[in-house]
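Understanding the architecture of this molecule
Single-letter residue listing:
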Amino acid sequence: MPELPEVETTVRGLERVLHGRRIASVEARRPDLRRALPVDLGQRLTGAHVTSLGRRAKYGLIDTDRGDTLVFHLGMSGHWRVDPTEVAKHDHFIIETDEGRKVALNDARRFGSLDLVRTEELAQWPAIAALGPEPFSLDPRDLKRRLAGRSAAIKLLLLDQRVVAGLGNIYVCEALYRAGIHPKRAGGSVSLERLQRLVVAIEAVLDEAIAAGGSTLRDFASPDGELGYFSKKFEVYDREGKKCSCGGLVKRIVQGGRSTFYCPKCQR
Ligand SMILES: [Zn+2]
């Protein structure tokens, strides 16, 4: 499942093809993904210039000079293919630029989404308005206030998009490990000093993953490149029973229906 670093890498890859270009044509190959595509999608995008690309949480944003933002979410299996040599199964939406380059949104499971939102109304768009701060602009004191009085496990609170936007299971496990915080600790009981370490750890694990993704960007400069998926090495994630650098063994528990990996020696 794509997490924030994959979405960020995808946006940077799409930027190389789309930024500053005019959209010559769009092709919606089915009427819906997770929900219906906007009926006027083609009409509003065709002929528009792409002025900028960005990301909010796990939403990719493509702005046009008509005041629209194409908002995409990759869901469980979505990815963009760059300059596909032919249309593949599950290519649901294709953009062609005035340079003749193409990007195709491919999503076998169709949990992804495409929406067209007026750029000036984006901050009030319900899915985005509900989001907490970005993990790269977290303030430890603000995080402390958001967690105050909360008895739920810090692991689950960090996955709550209203507390922090865009953090997924893998990076929450890794950041808690680096900060030495036990995943079951009550959110409200984590000291400011430890939250400061946590904020640093969150930025570091995401930065490293984005850097790893960035180093794969050259691979999809060629036709049929796929954006956004890359292998990463983790210290605790998916390493149950393996050795931590302290000599202890990584443990797996289930929280909120999802696996948590941590080191019982290093995390308190
Ligand atoms: Zn350890």
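Residues numbered from 1 in each chain as written. Predicted model: local features only at pLDDT ≥ 70, side-chain atom pairs only at ≥ 80, totals over all residues. Heavy atoms only, no water.

1. Section: the coordination of the zinc ion
Geometry sets the ideal angles at a metal, namely 109.5 degrees for four tetrahedral donors and 90 or 180 degrees for six octahedral donors. Applied cut-off: Atoms are scored as donors when they are N, O or S and lie within 2.8 Å of the metal, with 3.2 Å used for Na, K and Ca; no water is included, so coordination may look incomplete. Here the metal geometry follows the donor angles, with tetrahedral for four donors whose angles all fall between 85 and 135 degrees, square planar for four and octahedral for six when opposite donors are more than 155 degrees apart and every other angle is between 65 and 115, and irregular for all the rest. By definition, any uninterrupted DSSP run of H or I lasting at least four residues is a helix, any uninterrupted run of E lasting at least two residues is a strand, and each is numbered from the N terminus.
Around the zinc ion, the protein contributes the donor atoms Cys244 (SG), Cys246 (SG), Cys263 (SG) and Cys266 (SG), at 2.2 to 2.4 Å from the metal centre. Angles of 105 to 114° at the metal separate the four donor atoms of the zinc ion, which places the site in the tetrahedral class. Written as a sequence motif, the donor arrangement for the zinc ion is C-x1-C-x16-C-x2-C. Remark: Cys266 occurs in the segment after strand 11 (258-262) and Cys246 occurs in the loop between strand 9 (225-226) and strand 10 (251-255); sequence separation between them is 20 residues.

2. Some remarks on the pairing of strand 7 (residues 102-106)
Along a regular strand, successive side chains alternate from one face of the sheet to the other. Our working rule: Each residue is assigned to one of three classes by its accessible area relative to the maximum for its type, calculated with a 1.4 Å probe on protein chains only: buried under 20%, partly exposed between the two thresholds, exposed over 50%. Note on pairing: two strands pair once DSSP finds at least 2 bridges between them.
The element strand 7 is extensively covered by neighbouring structure, given that four of its five residues are classed as buried. Inspection of the sheet shows strand 5 (residues 79-82) paired to strand 7 by four bridges, in the antiparallel sense. Its bridge partner lying in strand 7, Val82 is registered against Val103. Bridging between strand 6 (residues 91-97) and strand 7 involves five bridges; their strand directions are antiparallel. Paired with Phe93 across the bridge in strand 7 is Leu105.

3. Examining unusual backbone geometry
Positive phi is not limited to glycine here, since Ala57 has a value of about 50°. Summarising the element assignment, Ala57 is placed in the loop between strand 2 (50-56) and strand 3 (59-64). Phi at His90 is positive, roughly 75°, even though this residue is not glycine. For His90, the position within the fold is in the loop between strand 5 and strand 6.

4. Some remarks on the nonpolar core
Applied cut-off: Nonpolar core, defined: a set of buried Ala, Val, Leu, Ile, Met, Phe, Trp, Tyr and Cys residues in which side-chain atoms within 4.5 Å join the residues together. Contact between two residues is taken to exist if any of their heavy atoms lie within 4.5 Å; hydrogens are not considered.
Among the nonpolar cores identified, the biggest contains 28 residues, and Leu143 and Leu198 are the most heavily contacted of them. Contributing elements (two or more residues each) for this core: helix 4 (140-147), helix 5 (154-159), helix 6 (169-179) and helix 7 (192-214). Broken down by element, the residue count for this core peaks at nine residues, all from helix 7. Apart from the residues lying within four places of it in its own chain, the contact partners of Leu198 are Leu143, Leu158, Ala175, Leu176, Ala179 and Ile181. Within the second largest apolar cluster, 26 residues are counted, among which are Val50, Phe72, Val82 and Val103.

5. With respect to the sheet that holds strand 2
By way of backbone hydrogen bonds, the strands of a sheet pair with one another, either parallel or antiparallel. Here is the rule: Structural elements are reduced to axes, namely lines fitted to C-alpha atoms, with helices fitted over the stretch in contact, and the angle between N-to-C directions of any two is expressed from 0 to 180 degrees.
Pairing within the open sheet is antiparallel, and its four strands lie in the order 2-3-4-8. Strand pairing shows two members of the sheet lacking a second neighbour, strand 2 and strand 8 (113-118), which therefore form its edges. Strand-to-strand, the axes of this sheet are offset by a mean angle of 20°, without reference to chain direction. Here strand 2 runs beside strand 3; their pairing, made up of six bridges, is antiparallel.

6. Structural notes on the packing of helix 4 against helix 7
Counted only if it meets this: In this scheme the handedness of a crossing depends on how the near helix is turned from the far one: anticlockwise by less than a right angle means left-handed, clockwise means right-handed.
Across the interface, helix 4 lies against helix 7 with an axial gap of 9 Å and an inter-helix angle of 115°. Crossing of helix 4 against helix 7: the hand is right-handed. Contact with helix 4, carried on its side by Pro140, Arg141, Leu143, Lys144 and Leu147, involves Leu192, Leu195, Gln196, Leu198 and Val199 of helix 7 and no other residues of that element.

7. Looking at helix 6
Within helix 6, 10 of the 11 residues are buried, which leaves the element mostly enclosed by the surrounding structure. Among all positions in helix 6, only Asn169, Ile170, Tyr171, Val172, Cys173, Glu174, Ala175, Leu176, Tyr177 and Ala179 are buried. If you follow the buried residues of helix 6, they end up packed against helix 1 (4-18), helix 5, helix 7 and strand 11. One or two steps after helix 6, the chain reaches Gly180, where phi turns positive at roughly 70°.

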